[in-house]
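# What the coordinates show
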Amino acid sequence: MVTQKPKIVIIGAGISGLTAANKLYTTKNSNELFELCVVEGGNRIGGRIFTSEFNGDQIEMGATWIHGIEGNPIYKIAQEINSLESNKPWECKEGKLMDKKVTITENGYEVNSSLVKSISVFFNKMLAFSSGEGNFQDEACKEILESFNLENGSIKNLSIGSFLRKGLEFYWNLKKDQENVEVFDKWSRKSLEEGIFAMFENIHRHYSSAGDLGTLDFNGESQYCNFPGDELTIAKGYSTVVKSLASVLPPGLIQLGRKVTKIEWRNDDCASKFENGDGTKPVKLHFSDGSVMHADHVIVTVSLGVLKQGIHDDSGFFSPQLPSFKTEAISRLGFGVVDKLFLQLSSSNEECGYDGMNFPYLQMVFHQSDTKLFRSKIPLWIRRTALIHPIYPKSSTIVSWFAGKEALEMETLGDEEIIDGVSTTMSQFLANSKYFKNSDSATAESCVKFSKVLKCKWGTDPLFLGSYTHIAVGSSGDDLDSMAEPLPKVENCGENSKNFPPLQILFAGEATHRCYYSTTHGAYLTGIREANRLLKHFQCVDV
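Rules and cut-offs
Residues numbered from 1 in each chain as written. Predicted model: local features only at pLDDT ≥ 70, side-chain atom pairs only at ≥ 80, totals over all residues. Heavy atoms only, no water. UniProt positions renumbered as here; feature names shortened; annotations may be inferred. 1 Å grid on protein atoms, 1.4 Å probe; cavity = no way out; pocket = protein on both sides within 12 Å on 5 of 7 lines; lining within 4 Å. Points joined across faces, edges and corners; volume = space filled by probe spheres on them. Helix = DSSP H or I, 4+ residues; strand = E, 2+ residues; numbered from the N terminus. Nonpolar A, V, L, I, M, F, W, Y, C, P; charged D, E, K, R; others polar. Phe/Tyr/Trp six-rings, centres within 6.5 Å; stacked < 30°, edge-to-face > 60°. Buried < 20%, exposed > 50% of the residue type's maximum accessible area, 1.4 Å probe, protein only. Lys NZ or Arg CZ within 6 Å of the ring centre and 35° of its normal. Axes fitted to C-alpha atoms, helices over the stretch in contact; angles between N-to-C directions. Parallel < 35°, antiparallel > 145°, perpendicular 65-115°, else oblique. Left-handed = near helix turned anticlockwise from the far one by under 90°. Contact = heavy atoms within 4.5 Å. Salt bridge = Lys/Arg side-chain N within 4 Å of Asp/Glu carboxyl O. Pairing = 2+ DSSP bridges.

Going by what an unreviewed UniProt entry lists, the protein chain is known as Probable polyamine oxidase 5 and is assigned to Nicotiana sylvestris. One UniProt comment on the protein chain, placed under Sequence similarities (unreviewed entry), says "Belongs to the flavin monoamine oxidase family."

Written out as structure tokens, the structure reads:
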């Protein structure tokens, strides 16, 4: 009788799943030890890495940057496959456009760069302090923290949003004699500073994925780490990295269009009768087409958003439900929506005197406190957007970022409504600027036109239900560790452990890394981690 090899199934062909598959498949003699396959619910590999094309330009719909190049495995792969250089222009990190950076208010006033820099330095000092990278002897930040201790007795549940707003009050107190000085029409110095400060807050919303900074944990910020060195974009596209990882896998190992709808497994009731599987394999996967697959080990790499949906009582995604330590960690951690919006500048801009090839790296300042001063023509879903700029110098492809509920609202809008909203908004901002050759402001106010749009839909895509993870108020790095814990915990089974199959469900993905959550390198490293966990289980010599 032929002995059936154990079967490993990886759910998800994003970077963590493909990394695990690559490691497992390329390990010496692994094909003699186990059978391997990857099931992916979508029609492509890559997950939240998705290089695409728009307006003749290469764009990144998802992951864009390599965060630090020194020791970063993503950088190493991109370097090895020669993806860091290209003869064609590509979507660049905004630093390459800094010579064109300009900050403008919603009614068209260009803000003095020295004022923007002053607030930027103070804002970034506070962020550095919260992350543990700043000067912990900084008197301003220490005084702000002490005020929270006096008000609340501790800083246990302090949010980044509260910390930053308290910092803005501190900043104003330093300049109290200037707060009512009118800088522009309808802009006092205080209201302008608040608008600039809010602009930086909105940039951090995009960076952190927290739609509301009031939900982003202050103490959790120090958990996040980055590799040192420059931050780069990948010239030939981020997707080249995942294609490289998948290239060693034989045809058929990755199965596309295979959406898992239910995972049956054996829980920690060690004395219970085994009812799932095919009599020998403890895990049974159900697919949307009604088919099933049996496995000994399953690496779950779906997003935290999908896991959050999967632990609802009426979901039935896991049967039996995951243990409480796992569901509580999933519930407490934050998972936000960050969407890019790409727009094509219309060729008709030239006709009314707008130099479309000179579109600036625009930082947008909106009124905050007095709603009567809001420009009525600017849609509310745009008012918490901070940046809009060409993807590289002289490009007619413009990109902007949306986060939180504004991102979700944008996902529901039709192309024409988005084009009209952004065109009107940009006309309000740029009508009085040097970027118009036409002095007729009435014409300029309706002149910036876009002809085409492409939006991300990470929030409503059922395969993702969001973009990336953050530590929310009430959660901690311990929850990220809990996310990484495999199931079941065999050590609790005592004498029944021989009848209790180990490592049935393993977890990988950016939401399972304590330090590198929210990043592609974090996802990559968790794929290696879980592959090594299984290889050690199979006692492979090179692990």
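Moving on, there is more to tell.
## Remarks on the layout of surface pockets
With a probe scaled to a water molecule rolled over the atoms, the places where space remains empty come into view. In this structure, the second largest pocket spans a volume of roughly 300 Å³. Lining of the second largest pocket is provided by 19 residues; of these, Asn202, Gln368, Arg383, Arg384 and Glu406 occupy positions nearest its centre. Only helix H6 (160-174), helix H7 (189-208) and helix H11 (404-412) provide two or more residues apiece to the lining of the second largest pocket. Looking at the lining of the second largest pocket element by element, the count peaks at 4 residues for H7. Among the residues forming the lining of the second largest pocket, the class breakdown is 6 nonpolar, 4 polar and 9 charged.

## Concerning the packing of aromatic side chains
Here the structure, examined in full by the defined rule, presents 15 aromatic pairs. Between phenylalanine 34 and phenylalanine 538 the ring centres are 5.2 Å apart and the planes differ by 45 degrees, which places this aromatic pair in the tilted class. Note that phenylalanine 34 is positioned in the loop between helix H2 (30-33) and strand S2 (35-39) and phenylalanine 538 in the segment after helix H15 (520-537), a separation of 504 residues in sequence. Judged on exposure class, the residue phenylalanine 34 and its partner phenylalanine 538 are both buried. Each ring, one from phenylalanine 366 and one from phenylalanine 429, has its centre 5.3 Å from the other, and the planes form 80 degrees; the classification is edge-to-face. Of this pair, phenylalanine 366 sits in the loop between strand S18 (361-365) and strand S19 (387-390) while phenylalanine 429 sits in helix H12 (residues 415-430), placing them 63 residues apart in sequence. Residue classification places phenylalanine 429 among the buried residues on the basis of a relative accessible area of 0%. Among the aromatic residues, those joined into a ring-pair cluster are Phe123, Phe197 and Phe200. A cation over an aromatic ring shows up here: lysine 190 above the ring of tryptophan 172, its NZ or CZ 4.6 Å from the ring centre.

## As for the packing of H6 against H7
With their axes 11 Å apart at the nearest point, H6 and H7 run at an angle of 155 degrees to one another. As far as their axial angle goes, H7 and H6 are roughly antiparallel. Remark: the crossing between H6 and H7 carries right-handed chirality. Packed against H6, whose contacting residues are Ile160, Leu164, Arg165, Leu168, Tyr171 and Trp172, the element H7 presents Lys190, Glu193, Glu194, Phe197, Ala198, Glu201 and His204 at the interface. For the contact of H6 with H7, the per-class residue count stands at 7 nonpolar, 1 polar and 5 charged.

## Section: the pattern of salt bridges
Under the definition given, this model contains 17 salt bridges. Residue arginine 258 pairs with aspartate 289 through a salt bridge whose shortest N-O separation is 3.5 Å. One end of the pair, arginine 258, is in the loop between strand S10 (254-255) and strand S11 (260-264); the other, aspartate 289, is in the loop between strand S12 (283-287) and strand S13 (292-295), with 31 residues separating them in the sequence. Between aspartate 479 and arginine 332 there is a salt bridge, with its nearest N and O atoms 2.7 Å apart. Of the two residues, aspartate 479 sits in helix H14 (residues 477-484) while arginine 332 sits in helix H10 (residues 324-332), which places them 147 residues apart along the sequence. One continuous salt-bridge network, built from bridges that share partners, spans Arg165, Glu194 and Glu201.

## Thoughts on the sheet that holds strand S6 (residues 101-105)
Strand pairing in a sheet relies on backbone hydrogen bonds, with the paired strands running either antiparallel or parallel. The strand order S6-S18-S19-S20-S17-S21 describes an open sheet built from 6 strands, whose pairing is mixed. Edge positions in the sheet fall to S6 and strand S21 (450-455), since each of these pairs with one other strand and no more. Looking at each pair of strands side by side, their axes are set apart by 20 degrees on average, direction ignored. In this sheet, strand S20 (residues 397-403) lies alongside S19 in antiparallel orientation, the contact comprising 3 bridges.

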